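Spelled out, the chains give:
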Amino acid sequence: MNPAGATRQIYWNISHIWAMYVLLLPALAIFVYGFYRQIRKWRRGAPTARFDQPFTRLKLVFKHAIAQRRTARDVYAGMFHRFISYGFVILTIATTVVALDADFGTAIMRGHFYLYFQSLIVDLFGVLVLAGVGLAAVRRYLSRPKKLVYTDEATWILVLVALICVQGFLLEGWRIAATNDPWARYSPVGNLVAGISLPFLSDATLPMAHRFTWWFHLLLSFGVLAWFPYTKMMHVFTAPLNIYTAQLAPLGASLKHIDFEKTESFGVNSLAAFTWKDLLDLDACTECGRCTAVCPAHTVGKELSPRDIILDLRDAMHAGGLNAPIIGSMPATSPTALWQCTTCVACMQVCPVFIEQMPKIVDMRRYLVMEEAEFPESMQQAIMSLEKRGHPFSGTNATRIDWTDGLDVKHISDAQDAEVLLWVGCGGALIERNQKVTRSTAQLLDRAGVKFAILGRDEKCSGDPARRIGNEFLYEMLAKENVEKLNKHNVKTVVTSCPHCFNAFRNEYPHFGGSFEVYHHSEYLARLVSEGKLKPIATTTKSVTFHDPCYLGRQNGVYDAPRQLVQISSKSLEMERSREKSFCCGGGGGMSFVDEPPDKRVNQERAREALATGADVLAVGCPFCMTMMEDGINAQRGDREMRVLDVAELLWEALSTDSTDSTDSIKESA
Amino acid sequence: MNIVVCLKQILDPEIPAREFRVDAARREAERGNANLVTNIFCENALETALQFRERWGDAKITVLSFGAPTAEDSLRKALAMKADAAALVINDKSSNPDPLTVAQVLATAIRKLGSFDLVMVGREAGDWGAGQTAGLLAEELSLPCVSFVDRIEAMNGGLRMKRQTDSGWEVLEAQTPLVVSITNDEHNVPRIPKVRDVMMSYRQPLTQWTLADLGYEMDDDKYYEVVDLSIPQKESRCEFVTGDTLDERVESLARRITEVTSAL
Amino acid sequence: MNDVVICLLNPAGFDRAAQGLAGAGRRLAAELGSQLKAIVLSPQSPAIPQEVARVADNVIVVDQGAYQPEPALSALTKVCSQLSPAAILFGNDTYSQEATPRLAHRLGGAAVGDVVEVMVHEKALRVSRQVYGGKAQATIELKRPPAVLWTRSRSFASANHLTTPGDITELSPDIPIDPRTRIVERKRESQSEQRLEEARVIVSGGRGIGGPEPFNNELKPLAELLGAQLAASRAACDAGWVPPTFQVGQTGKKVTPDLYLAIAITGASQHMAGISEAKNIAAINTDPDAPIFKHCRFGIVEDYRKVVPLLRQKLIALQNSQR
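Residues numbered from 1 in each chain as written. Chains lettered and ligands numbered in written order. Predicted model: local features only at pLDDT ≥ 70, side-chain atom pairs only at ≥ 80, totals over all residues.

*Asks:* Teacher, can you tell me more about the overall build of chain C here?
*Replies:* Each helix and strand in chain C was counted, giving 8 helices and 15 strands. Each of the three principal axes of chain C carries a C-alpha extent, and together these read 65 × 45 × 40 Å. Here chain C holds 323 residues, and 54% of them are scored as buried. In chain C, once contacts between residues fewer than 6 apart in sequence are set aside, the share between residues at least 24 apart is 64%. (Helix = DSSP H or I, 4+ residues; strand = E, 2+ residues; numbered from the N terminus. Buried ≥ 20, exposed ≤ 12 C-beta atoms within 10 Å, placed from the backbone. Contact = placed C-beta atoms within 7 Å.)

Shown next, in the form of structure tokens:
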């Protein structure tokens, strides 16, 4: 037979085709309405600009919606998801081909295309879909990972998809059997079905079974189509849209600005107060649970669950009432949970569909802080200290220049030729342990011949704690003041050892007219080493594990510079949760001011991981991490010795013999 | 019920000791980098007044300060905490008026504000800590005074209050009008104003008077005069107890401890 | 008149505070070349005026029964205006602090509180006191008599006994009952009911304590001896040796004791942030370089396990010798 003419009769054995169109219309209408309904809700959100840089956005969609890179970080899930999604793409194309031939009089479904694509490839991808569903079911019902959401809806979706696929094969097989299809071997699965069925179905029952299954398959398919936008299946459309409109700036720039003059209510306590993008986020969620699985607060047993915040908000959105209060009115948005977030953005980094969980938490915090003035007392103290003293450490007796004792450090007004402003930060100036890090940094810069200056007593907090706690008003005041100060002194380059300050200067201060070249001290020091201005000697064989600060690594993509410093004089061991998967020390988001329950301490969880590497030293790059990890290691180490050192201190140690004054090991600490 | 709460704005008392400097010639602390803040006990007094109004209703709270023009910020913050009205008597004469002058000025201003039922004052200021304002003010207004109060309730025909003593506490019943001084307690921690209220507070009216408006002639140094102010040379060295044997050293330690505890 | 008057308001006994007051009064009177008089208002025990008479030239007893501030003030005013003294001295108890400025006003004099020293300077009286939260020392000259002062009398040396005790006069000035204020309830609190933030003496342990047992076996008896409350640093609380309510520091309680005894505590700034208002800090620590020593008035470099039991013995001995 001539393959050029290969095809099949489209509606073989089926009559009353018109009924199909009659049924299709309401299904389509319900389908379209489902989306229309949600789009209308999203549009009630506040405006935001997410349609710039279309080319970049399309690339994101390609990488993550089509290639599904993030989804595939979990190899098993990535595999079955690709099976199902790619399978469906092929099946959809196949159905479209049929429709084109059936309704538009084209003749595509012929010949080699019919044999190799419409028959063979479609069969194989149909199997993939079934395999995918099978793998998904094994995970959902046998492994039962806690991060998944176990609903009847999820079960029905798997069952229906499987059923529709199986029906497809049955139909194909029975048609092949009944028509003695000469091209059967190009549809291997159908062929198999035909072979198996023949003994059980007679000449009379075969067409009946086929016809019955055909209409059943149609009903199920149209049913699923109509049901589609009312379930998480919606993500097929909302996820790519969400990825297209994702935040393109680094994760450190995730928080929104408030126009204090024009805004009526500060922060968010209703769905309508979110932006349309926030609301779209809610409908893009696939209930995968990865965000909650990586959340450090959740990992140590606290209530906070980013996944549940999104899903509870989503359910509230579907129920209507876009103006009803959302804080505390559903389990996941209780103030208790909201105040547990460290703003580490592990949730955002892991989300396969680019949902922005953390900014929503901060939005709700803003409402609690600025509209209600209801927030944890320890954070209140930090805020009051920021207002009164320009730093969050109430009760400290240290001054901002204590660390300069014995060093010749110039104030910027006295240093006309300074190339760099060393921004010390509140931690680096006022916390005793971190003063040593600042000293090391200053000494290293000096050794390298870098002309730097400090603001000294004129330095005020970058505002990061205020911003993360939710007092955007105070943060703006501090930020504007700092930008003004730096501009007044004509500062061009800023080096800081605090990733929170680093993030503020790099990502947040441009909004206030502050555009500076900003470096984390590890970046700047690594550059000095590579330029030969600092010549460290690799003298020790100690092993070091580096803890990536969230605000340096995940939020700003700086992973390598600190590692370069670590590797100079030590053997570097990586923790499993490192780089973008780094596990927070628990100090961000205002949490370092809060007393956590003794059995639910994020820093101790991380300390256990660090100690398990067997390294001699835990290297850090942030004053918050230093405080949290020292506490954590002390509480967890038992008899083991593990020093906690900043990368600058490690570098200083490696420089020469006169590095005597700054790196005390941790003895019995308070 | 009309309540007047007196506030004093002072230099931040929590600046590190290392940064504290004294202007010996003018006999006052140097401003340096320190911020100006409302005295904490005055804020406790305001918080007590606010809670009283929340609980017992129908009270108008006016905050009053006698100080430099910068004291306006303290009054604005009080308005943000939802005080009803604010008045500032501008002190452009003396940077450290004696307690009697303060009491006389406040009394004059209070009488000018109109009728009142309760005057609340912080027990002492975090800078000079004289602790006399409540008592002298009561005398100027010919009213009784109750000090170190931390809780006030309304009672049939008057007020019922609890005050702290060095050995415990006492409950007093009092008629209005009355002057009280307030001390801090876990219940009167000053509330954090809502940001919107802070923004609004700058648009509210604030009465400003000069001493001339009050018809008051300041005659400083009639009551007392600060003749010297200095920073004592504190040994920053820890005295490590001496002794040849452990016994002797611990004996020395015990003596030093007892020296301190017996003076209590 | 140049006399010096000391006032004891509703005293429970002729305690250390009263003795110091008498001492200061006598020394001032000597400098002025005048007499020391005493007013004892509503003493809680009849023996008190006699004890006062051993050190004062005149003792005036005014018994109004249960102490009430307004009548007491009126009585004081009446008696003092008759005596017309140069100075009137009080202790630092609540009633004295409350009465001092008001009495000064009624007598047309001037008041100062929290006085640690009284001096005569060219016919004027000057006093010395701490200001600015203890960061500075001020010398204040009183401009109009009488000088009415409340003092930290517990730290003054007491007066010598007179060879002949002074006379005791009982007065009952006609003071109408003042209905405007009335104390209706009085409560004495025991040490253990006190909040840590109010404790005058605190014994605190850090990571170097090593476990929960020494808190109970060593530190607690020491605290009881000193009438102190127990506290701990974050490390000790984190390790679960003591409840979190013990925690003092940046994220813990801020305390203001007269004596903070830090045992096996390094003194990192977060801990120091909780005790920045402590008047005296003492430490027991094996590490001479521990930051805590930079903030201490005194301390000992030694293992607390060797120090504390011995310290308890020594303190008991000293307490016994003072009785």
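*Asks:* Would you mind showing me how to read the nonpolar core here?
*Replies:* One broad rule of soluble globular proteins: the nonpolar side chains tend to lie buried together. Core analysis: the biggest nonpolar cluster contains 203 residues, and Leu-421 and Leu-651 of chain A have the highest contact counts within it. Among the elements that take part in this core, helix H15 (residues 357–371) of chain A stands out by supplying 8 residues, more than any other. For Leu-421 of chain A, the contacting residues outside a window of four places in its chain are Ile-412, Phe-452, Ala-453, Leu-486, Val-491, Thr-493 and Val-494 of chain A. Membership of the second largest hydrophobic core comes to 130 residues, among which are Val-22 and Ala-134 of chain B together with Val-4 and Val-62 of chain C. (Core = buried A, V, L, I, M, F, W, Y, C linked by C-beta atoms within 7 Å.)

*Asks:* Can you help me understand the confidence of the model for chain C in this one?
*Replies:* Atom-level detail of predicted coordinates should not be read off regions where pLDDT is low. Residues and elements named next belong to chain C. Per-residue confidence for chain C gives a mean pLDDT of 90, with 97% of residues at or over 70. Within chain C, helix H7 (residues 269–272) has the poorest average pLDDT of any element, 78, and strand S4 (residues 87–90) the best, 98. If you check the scores for this complex, the pTM reads 0.88 and the ipTM reads 0.91. (pLDDT = per-residue confidence, 0-100.)

*Asks:* What exactly am I supposed to notice about the domain arrangement of chain A here?
*Replies:* Where interface size is given, it is often the accessible area lost as the parts come together that is meant. Residue and element names in this part refer to chain A. Domain annotation for chain A reports domain 1 (31–38 + 53–242), domain 2 (250–371), domain 3 (391–529) and domain 4 (536–655). A C-alpha centroid distance of 31 Å is found between domain 2 and domain 3. Counting residues at the interface gives 16 residues for domain 2 and 11 residues for domain 3. (Domains from an automatic or database assignment.)

*Asks:* I tried to follow the sheet that holds strand S8 (residues 643–646) of chain A on my own but got confused; where do I start?
*Replies:* Paired through backbone hydrogen bonds, the strands of a sheet run either parallel or antiparallel to each other. Residue and element names in this part refer to chain A. Taken together, the 4 strands give an open sheet; going across it, the order is S6-S5-S7-S8, and neighbouring strands pair in parallel fashion. Here the strands that pair on one side only, and so sit at the sheet edges, are strand S6 (571–573) and S8. The sheet shows a mean angle of 35° between the axes of neighbouring strands, direction not considered. Bridge count between strand S5 (residues 543–546) and S6: 3 bridges; the pairing is parallel. If you follow Thr-545 over to S6, its bridge partner there is Leu-573. Sheet strands in contact with helix H26 (residues 647–655) are S5, strand S7 (617–620) and S8, and its direction is about 90° off that of S8. (Pairing = 2+ DSSP bridges. Axes fitted to C-alpha atoms, helices over the stretch in contact; angles between N-to-C directions.)

*Asks:* What is the right way to look at the packing of helix H3 (residues 75–104) of chain A against helix H4 (residues 111–143) of chain A in this model?
*Replies:* When two helices pack together, their arrangement is captured by the angle between the axes and the distance separating the axes. All names here are of chain A. In contact at an axis separation of 8 Å, H3 and H4 are set at 145° when each is read in the N-to-C sense. The handedness of the crossing between H3 and H4 is left-handed. Of the residues belonging to the contact of H3 with H4, the class tally is 20 nonpolar, 4 polar and 1 charged. (Left-handed = near helix turned anticlockwise from the far one by under 90°. Nonpolar A, V, L, I, M, F, W, Y, C, P; charged D, E, K, R; others polar.)

*Asks:* Looking at this model, I keep getting lost on the interface of chain C and chain B. Mind explaining?
*Replies:* Facing 64 residues of chain C, the contacting portion of chain B comprises 65 residues. Elements represented by at least two residues in the side of chain C that touches chain B include exactly helix H4 (94–107), strand S5 (110–121), strand S6 (124–131), strand S7 (136–142), strand S10 (181–188), strand S15 (298–301) and helix H8 (304–322) of chain C. Its residues assigned to classes, the side of chain C that touches chain B comprises 27 nonpolar, 12 polar and 25 charged. Pairing between strand S15 (residues 239–240) of chain B and S15 of chain C: 2 bridges, direction parallel.

*Asks:* Mind showing me how you'd approach unusual backbone geometry here?
*Replies:* Peptide bonds are, in most cases, trans, and in most cases residues other than glycine have a negative phi. Of note, the amide linkage connecting Thr-176 of chain B to Pro-177 of chain B takes the cis form, showing an omega dihedral of 0°. Along the chain, Pro-177 of chain B falls in the loop between strand S11 (168–174) and strand S12 (178–182). Here the residue pair Pro-145 of chain C and Pro-146 of chain C is connected by a cis peptide bond, since its omega of -5° sits within 30 degrees of zero. Checked against the element boundaries, Pro-146 of chain C lands in the loop between S7 and strand S8 (147–151). A positive phi angle, near 75°, is found at Asn-13 of chain A, a position not held by glycine.

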